[in-house]
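# Fold and geometry: a report
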Amino acid sequence: MRVPAVAAGVVLSLTLFSTPLAMAQTAPPASSFRPGRSPSQPIDAEYTRKIKEYTTEPFFLSPLVDYLPASRTVPTPSVVLGDIAGAPNKLPYSKEVYEYMRLLAKASPRVKVISIGTTEEGREMIAVAVASEALMARLDENKARLSKLADPRTIGMNDAEAARLVGLSTPVYYITGTIHSPEAGAPTALMELAYRLAVDESPYIKHIRDNLITLITPIVEVDGRDRQVDLFKWHMAHPNDTWPNLLYWGHYVAHDNNRDAMGLTLKLSQNVLNTYVDWKAQVIHDLHESVPYLYDNTIGDGPYNAWLDPLVVNEWQMIGWNNVQEMTRLGMPGVFAFGNFDTWSPGYLMFMAATHNGISRLYETFGNGGSAETLERTLSPNETSRTWYRQNPPLPRVRWSLRNNNNYEQTGLLVSLSYIADNKRLILQNFYEKSKRSILKARTEGPAAYVLTGDTRRPGTQAELLRVLQKQHVEIARATAPFSVTLPIRAKRAGAASDSAAKGISRTFPAGSYIVRMDQPYSRIADALLDYQYWSPNDPQKTPYDDTGWTFPEGFGVEAVRVTDARVLDVPVERVTGDVRAPGGVSGAGAVVAINHNGDNALATLRYRLKSADMVAAEEPFEAGGRKFNRGTFLIRNAPSDLGAITKELGLSAYGLAAMPSVATHPLRAARVAIMHTWINTQTEGWWRQAFDFMGIPFDYISVQDIAATPNLASKWDVIVFPPAGGSAQQIVQGLPMWRNPMPWKNTPETPNIGTWAQTDDIRPGLGWDGLKHLEEFVSGGGVLVGAANTADFAIQFGLATGVRSNDAGQTRVVGSLLRSRIVDETSPIAYGIIDSLAVMSDDGGSFSVGSTLGGGFRRFGEQGGRPTGRGTVNDPDVAQGRPALDPRFELPPTTPVESWQLAPIQDDQMRNPLGIIPPDQRPRVVLRFTNQRDLLVSGLLGGGSELADRPIVVDSPRGKGHVVLFAINPVYRGTTVGSYFLVLNTILNFDNLNAGRKNEAR
Ligand SMILES: [Zn+2]
């Protein structure tokens, strides 16, 4: 039986953190304002009639939303929609939603619309503020007070002053709608909610309006919303046809847009966080649709994120259980708050509040998958079972309408807003306490700071990491003098007793080192991103909902030292203003300019910025001009005159050399690149496209159908990058079933928001046999194909990567973990500049095996050397009885053990007819492997590990004149694996010289 962890959590927190709180004793209890209309205010009879008509069962309504108050001056959503919010078959575009919100703001002094930025495709994002006239008139004064509570340093951490400010201030509750485009109900629910909050004179709503500022972003993923409406309208116009999934939501990613709250690579993440921080809001409440009928993920399930103040965890319990209680009181079935998703990863949009001293909340309501039709819905038994946390479960079979969804969303939100209005003093007091404790953290639980050393070998990547923190509104300081701190001696093994007697070791950092101090209001997000994660294989939660490890410094390949020694807080520093940038420029003069290959991704940017420049790569390390240069160093002859300005801008340090160093080189070319996608799933490849765009690596964006239609691929491209695409190898070739009707994904007057950058008349055909043939000819003729995860499997299964096999993790458990790698062949151009022991992102523990022969010769698991069972000790020979002792001429020559990442040597017996033996120059070349089992886990979950330890993860497989480069890991993932991007970039820049440094076996 599952222990009700909630009650235990509350008790624990009260015991450990008995900070006196200004309880909201003066606030009237919620029950004093009964939900329901004011008898003295007329209702909009027609609108109200339609609410009841479009709601499929009376118990899917509540007294909060079963009527609409009338207003002579303020328009209802029907002026724009032509019907009520949640009407069947009507999904409004963003333009209509915004038009209504602006009409509302024009008609009511209680509403204000603010533009909060634009999307990748230039569409506007807005926030709508609703509160009483009195509160709206003093928004700035209120914000000034909230700013002081948000940064208690500004009031000298004075609790009495904070209490005074709390008494004068009004909290801000930020609601965000439809980040997930096929979860389409929120915009209409939020249009109507804004109207109710502005117009309704019932005591319940007036209480909210007078005590709370409600902030609403009705559409978070605006690009995806408009495409979803296009698609739904297409479906309505072609009712007898099958219709495509929403292939592209945002410009880059689909469902993963709700995993960007760490890396903040998407405009929607940046715009929502900036709005939350600017308004000093106390809550982000994000609206989703999947689970029937309303699952309040505010409580969720364990494990909880380990970097949050326990106060917020208690707030989740209070608010979540109140939500269930009040909606249960209203008789609405299927409302629950516990279970389903763990609350470990801080990657979700709502988590921006939790990691910035606020309260994160998320609803899953029930929807019809992006359709506004009213549909018969059948639920599975696990969705309808009665459990201790879901006493009134959803019904097995009902008709479900968009209006039902809007009723649940609005009722839940109003119940929540009412609770915060009732408890505003407590919420604001907690906001202050959490902010203050985030500052005190440096000297209480620690660490005191993270230090990123000023003499890093990778200043560009270090600056990129620090800019992520800056986007998170974290303050960065820079030491103005060298300093020393004491670091603890790390325990040698996990679980080993900590050596408290050890004195620790002293480490000195140079002037210019960056210090991320933990005595600042937003220390928790910095701590959560820079620290390590450990998810125990014994955790009762067996199905982590998302990644279990994300340690940013490891994923970036940059050191960030966790410092608990509080002396670091006394180091003289200057606050960094403006974006952190690596120093750059050209020093010295000479015929040749050298830029060390340190793995900073800006090197690839430079190659494409100076497209016609003459650049070569050094195939060996060398010394010149008193400096050491790595293998792969860029050497530029006849440097263009703007090299100084460009290297300065890109943060690259270049050095003039008197002459070309005497070292083997080969050309570094700006290869012509295509990124290939399927029409089945485009999410994971979107992160690759985004990374390439950010780095300024130009590429053609093509589909598998383009490959099928292009016989001579080499005439257009040098490198075809096929990022993870979803689906099996067969599905990549076959595509979708060809029965029924064609399904266009095309920019037409009927679907004007579908991008012209990726379109087809029919998404069903896959790569096909023609496409496969074209790919094979492309590679054999000298092209390079890059595959990762399932697209690497595709290449292997269709015979494009001879001698490579992919393995799943067997009994080993990995769920989105960072694992340690080792470089196998540092002479491979793919490894240039890559740090040894880089942490790589493994989704599920996949790896490769390599062999020198077809159809066999792969090492198997557990195939170890050593002697068999027999006489004597382990080092003695066995002795067969009944025959003379073995003559040495019958014995095998001594062999060296073959490691998991090595090719087994060819045996004499195999050479008698070497048909199945891969010619030496065509055998796979292992570039990177997982490290040994003991050192494998960097961050997250690793249960076991023997099935993948030491195994190859990056393999260069030659084919004819070309190469297939295979990744078992995902090197370009969610903007968080910046340290492994160059494995891909090297492949591109050295595409016609990947054999550099290669040593072929004699036979
Ligand atoms: Zn969702």
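For the structure given in this document, a descriptive report is provided here.

Rules and cut-offs
- Residues numbered from 1 in each chain as written.
- Predicted model: local features only at pLDDT ≥ 70, side-chain atom pairs only at ≥ 80, totals over all residues.
- Heavy atoms only, no water.
- Core = buried A, V, L, I, M, F, W, Y, C linked by side-chain atoms within 4.5 Å.
- Buried < 20%, exposed > 50% of the residue type's maximum accessible area, 1.4 Å probe, protein only.
- Helix = DSSP H or I, 4+ residues; strand = E, 2+ residues; numbered from the N terminus.
- Contact = heavy atoms within 4.5 Å.
- Pairing = 2+ DSSP bridges.
- Donors = N, O, S within 2.8 Å, 3.2 Å for Na, K, Ca; no water.
- Salt bridge = Lys/Arg side-chain N within 4 Å of Asp/Glu carboxyl O.
- Axes fitted to C-alpha atoms, helices over the stretch in contact; angles between N-to-C directions.
- Expected span 1.5 Å × (residues − 1).

## A few points about the nonpolar core
Core analysis: the biggest nonpolar cluster contains 286 residues, and Leu414, Val516, Val568, Leu606, Ile720, Phe794 and Ile988 have the highest contact counts within it. If you tally residues by element for this core, the top one is helix H8 (residues 186-199), at nine residues. Not counting residues up to four positions away in its chain, the partners in contact with Val516 are Ala449, Tyr450, Leu452, Leu466, Leu469, Val474, Glu475, Ile476, Ala526 and Leu530. In this structure, Ala594, Val616, Phe622 and Leu657 belong to the second largest nonpolar core, which totals eleven residues.

## Some points on the pairing of strand S13 (residues 483-487)
Judged by which residues are buried, S13 turns out to be one-sided: Phe483, Val485 and Leu487 face inward and are buried, whereas Ser484 and Thr486, on the alternate face, are not. In this structure, S13 lies alongside strand S14 (residues 505-509), joined through five bridges in antiparallel fashion. Bridging from a neighbouring strand, Leu487 pairs with Ile505 of S14.

## Quick notes on the coordination of the zinc ion
Within the protein, the atoms that donate to the zinc ion are His180 (ND1), Glu183 (OE), Glu183 (OE) and His288 (ND1), at distances of 2.1 to 2.5 Å. Spacing between the donor residues of the zinc ion along the chain follows H-x2-E-x104-H. Grouping residues by exposure puts His180 and Glu183 together as buried.

## Thoughts on the pattern of salt bridges
Applying the stated rule across the entire model yields 55 salt bridges. We note a salt bridge from Glu121 to Arg227, for which the minimum N-O separation is 3.1 Å. One end of the pair, Glu121, is in the loop between strand S1 (111-118) and strand S2 (124-130); the other, Arg227, is in helix H10 (residues 222-237), and 106 residues separate them in sequence. Exposure remark for Glu121: the relative accessible area of 26% places this residue in the partly exposed category. The class of Arg227 is buried, set by a relative accessible area of 0%. For the salt bridge of Arg562 with Asp531, the shortest nitrogen-to-oxygen distance reads 3.9 Å. Highlighted residues: Arg562 in strand S17 (residues 561-563) and Asp531 in the loop between helix H18 (523-530) and strand S16 (534-535), separated in sequence by 31 residues. Overall, Asp531 belongs to the buried group, its relative accessible area being 13%. When salt bridges with common partners are traced through the structure, they connect Glu121, Arg123, Asp223, Asp226 and Arg227 into a single cluster.

## A look at the sheet that holds strand S11 (residues 449-452)
Taken in spatial order, the five strands line up as S17-S11-S15-S12-S18 in an open sheet, and their pairing is antiparallel. Each edge of the open sheet carries a strand with a single partner, namely S17 and strand S18 (573-575). The average undirected angle you get between the axes of adjacent strands in this sheet is 30°. Strand direction decides the pairing type here: S11 and strand S15 (residues 514-517), joined by four bridges, are antiparallel. Pairing of Leu452 across the sheet is with Tyr514, part of S15. The strands touched by helix H17 (residues 459-471) within the sheet are S11 and S15, with S15 carrying the most contacts at an inclination of about 25°.

## With respect to unusual backbone geometry
The amide bond that connects Gly302 to the next residue, Pro303, takes the cis arrangement and shows omega of -5°. Secondary-structure assignment places Pro303 in strand S6 (residues 294-304). Cis rather than trans, the peptide bond between Gly446 and Pro447 has omega equal to 0°. You can see Pro447 is positioned in the loop between helix H16 (424-440) and S11. A positive phi angle is found at Ser837, which is not glycine, with a value near 65°. Within the secondary structure layout, Ser837 lies in the loop between strand S33 (817-823) and strand S34 (839-842). A positive phi angle, near 55°, is found at Arg974, a position not held by glycine. Position of Arg974 among the secondary structure elements: in the loop between strand S39 (962-967) and helix H28 (981-989). For Arg974, a relative accessible area of 8% puts it in the buried group.

## Structural notes on helix H15 (residues 402-422)
If you check H15, its first and last C-alpha atoms are 30 Å apart, about what 21 residues at 1.5 Å a residue would give, namely 30 Å. Of all 21 residues in H15, 21 are buried, a share of seventy percent or more.

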